[in-house]
Structure formats: C-alpha cells, structure tokens
Amino acid sequence: DLHSFPTRRSSDLHCLYGLRPPTEGTLTVCDVRPDERSSAFRRDVSVLLDDSALFDELSPRQHLDLLSRSFPGASVPDDPVAAWLAPAGLDHRADVPAGKLSAGQRRRLLLVGAFARPHRLVLLDEPERALDTAGLEWLASLVNGEDDAGVVIATHSRVLVDACADLVLDLA
C-alpha cells in the first residue's frame, strides 16, 4: 500500500524506480520493492527519466545492437531498423551518430530504447518533450501497443493523456 508520494510528478517516477523512497508507507513494483541497483528489477522495469542519455558517437542502429546484447535471451527482430526505427521515423537516420540527431530524433531513439528492451513496466517522464505532432502520435501508438506490460507516464500533454490513458491521476 502506498500512503503518499512527494508532490512532483518526476519524484513519483523516482519512487517507482527506487531512486528515492516514498514519504511514508511501502511500495512494490513488479512484486518487489523498487531498487534501481538491482539487475533483476532493472530487467523488469524500463525507464526514461529527465537525465536519460545516449552515446553521441553511436548510431541508432548501434544503440539497438547494444541494447539487444544487454539482455541475453531477449527476442530480437530480424530487422531491428524495420521493426523499431522505421515506425519512429528514424530509418533514414539509422547510421547517423546520435550526437548529430535533432532533439526530436534523439527523444524518439530514447523512447525506442525504453520499449524495445524486455520489460513488465515502462516508466516515462515527460516523454512528449521535443516531439512534434507525428512523434506524439507515434508515442501514443507505442503506449497503446503495450498489451503485456504496464506504462506509467508523467506528462503535461493533454493530447497524450487523451490518446492513451486508461487511468489518470492528476497531481496538479
């Protein structure tokens, strides 16, 4: 049971990922207490927070390759560019270093990384940042396509909430 969270949306996600404790009560995520230091917990919970980063010298294709090698036994599509980068609008930039991508393209690549890896839960902090209208629609389709996993989003985007939220907790 969770009795209270700090009042900021980002802080709520930090609690869910184990970066900070709730102000009171106990919290379980994927049947355990959140602990971002635990590799077992990180295997179940994928997260995209404010401070998420890319390797500027690696291309989107290389990021997906690195990601697939980080989760042994994970199902990897035969053509990750077609499976992940094309729907994100990044297939034509698959071999461009991430440092040369626009802010919106970098955000899409970060989101691809959050969803492409194995997970039971995805935590997203303002994922709409730097996305244009097409990017927001793509993000909503990613979230709506999650049949076997949960997604928790901290957002200011009413468009995103209306497009994909099953349950809304307004902390304003």
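Structure: above.
Each chain has its residues counted from 1, running along the sequence as written. It should be noted that, the model being predicted, local features are given only for residues of pLDDT at least 70 and side-chain atom pairs only at 80 or more, the latter also being counted only at that level, while totals for whole chains, interfaces and linings use all residues. Neither water nor hydrogens contribute to the side-chain values; these are computed over all heavy atoms in the structure.

### Remarks on the pattern of salt bridges
Put simply, the rule is: Each salt bridge in this description consists of a side-chain nitrogen of Lys or Arg and a carboxyl oxygen of Asp or Glu lying within 4 Å of one another. Each helix corresponds to a stretch of at least 4 residues labelled H or I by DSSP, and each strand to a stretch of at least 2 residues labelled E; elements are numbered beginning at the N terminus.
Scanning the entire structure with this criterion turns up nine salt bridges. Arg 69 is paired through a salt bridge with Asp 65; the nearest N and O atoms lie 2.9 Å apart. Residue Arg 69 and its partner Asp 65 are located together in helix α3 (residues 60-70), separated by four residues, close to a single helical turn. Asp 162 is the partner of Arg 158 in a salt bridge, and the nearest nitrogen-oxygen pair spans 3.5 Å. Here Arg 158 pairs with Asp 162, and both are found in helix α7 (residues 158-164), just four residues apart, close to one helical turn. Bridged by salt links that share partners, the residues Asp 31, Asp 44 and Arg 120 form one connected network.

### Digging into the environment of Leu 58
What counts is decided by this rule: For this analysis, residues touch if any pair of their heavy atoms sits within 4.5 Å.
If you trace the backbone, Leu 58 turns up in the loop between β3 (45-48) and α3. As for Leu 58 and Arg 107, which are separated by 49 residues in sequence, their C-alpha atoms are 15 Å apart. Beyond its immediate stretch of four places on either side in the chain, Leu 58 contacts His 63, Leu 66, Val 96, Pro 97 and Ala 98.

### Remarks on the sheet that holds strand β5 (residues 150-154)
Selection criterion: Here a strand pair is declared whenever DSSP counts at least two bridges between the two strands. Fitting a line to C-alpha atoms yields each axis, with helices limited to the stretch in contact; the angle taken between N-to-C directions then spans 0 to 180 degrees.
Spatial ordering of the open sheet is given by β3-β4-β5, a layout of three strands whose pairing is parallel. The sheet is open, and its two edges are formed by β3 and β5, each paired on a single side. Mean inter-strand twist for the sheet, computed between neighbouring axes without regard to direction, equals 10 degrees. When β3 meets strand β4 (residues 121-125), the two strands line up parallel, connected through four bridges. By the bridge assignment, Val 47 is partnered in β4 with Leu 123.

### A few points about the pairing of β5
Definition in use: By the criterion used throughout, a crossover qualifies as right-handed when its path from the first strand across the helix to the second strand runs clockwise, the strands pointing away from the viewer.
Bridge count for β4 against β5 is five bridges, and the pairing is parallel. Each bridged residue has a counterpart across the sheet, and for Leu 123 the counterpart in β5 is Val 152. Note on the crossover from β4 through helix α6 (residues 133-144) to β5: the handedness is right-handed.

### Considerations on the packing of α3 against helix α5 (residues 103-116)
Keep this limit in mind: The labels follow the angle: roughly parallel below 35 degrees, roughly antiparallel above 145, roughly perpendicular from 65 to 115, and oblique for the rest. The crossing is said to be left-handed when, going from far helix to near helix, the turn is anticlockwise and less than a right angle, and right-handed when the turn is clockwise. In this classification, Asp, Glu, Lys and Arg are treated as charged, Ala, Val, Leu, Ile, Met, Phe, Trp, Tyr, Cys and Pro as nonpolar, and every other residue, Gly included, as polar.
One way to put it is that α3 packs onto α5 with a least axis distance of 11 Å and a crossing angle of 20 degrees. In terms of axis orientation, α3 runs roughly parallel to α5. Two packed elements cross with a definite hand, and for α3 against α5 that hand is right-handed. Contact residues: α3 offers Pro 60, His 63, Leu 64 and Leu 67, while α5 offers Leu 109, Val 112, Gly 113 and Ala 116. Here the contact of α3 with α5 is built from residues that sort into six nonpolar, two polar and no charged.

### Concerning the nonpolar core
Quick note on the threshold: What we call a nonpolar core is a set of buried Ala, Val, Leu, Ile, Met, Phe, Trp, Tyr and Cys residues that are connected through their side-chain atoms within 4.5 Å. With a 1.4 Å probe rolled over the protein chains alone, any residue whose accessible area is under 20% of its type maximum counts as buried; one over 50% counts as exposed, and the rest are partly exposed.
The biggest cluster of nonpolar side chains holds 28 residues, and the ones touching the most others in it are Leu 85, Leu 109, Leu 111, Phe 115, Leu 124, Trp 138 and Leu 139. Once residues lying within four places of it in the same chain are set aside, the contact partners of Trp 138 are Pro 87, Ala 88, Arg 108, Leu 111 and Val 112. By size, the runner-up hydrophobic cluster in this structure holds 13 residues, among which are Leu 16, Leu 27, Cys 30 and Phe 41.

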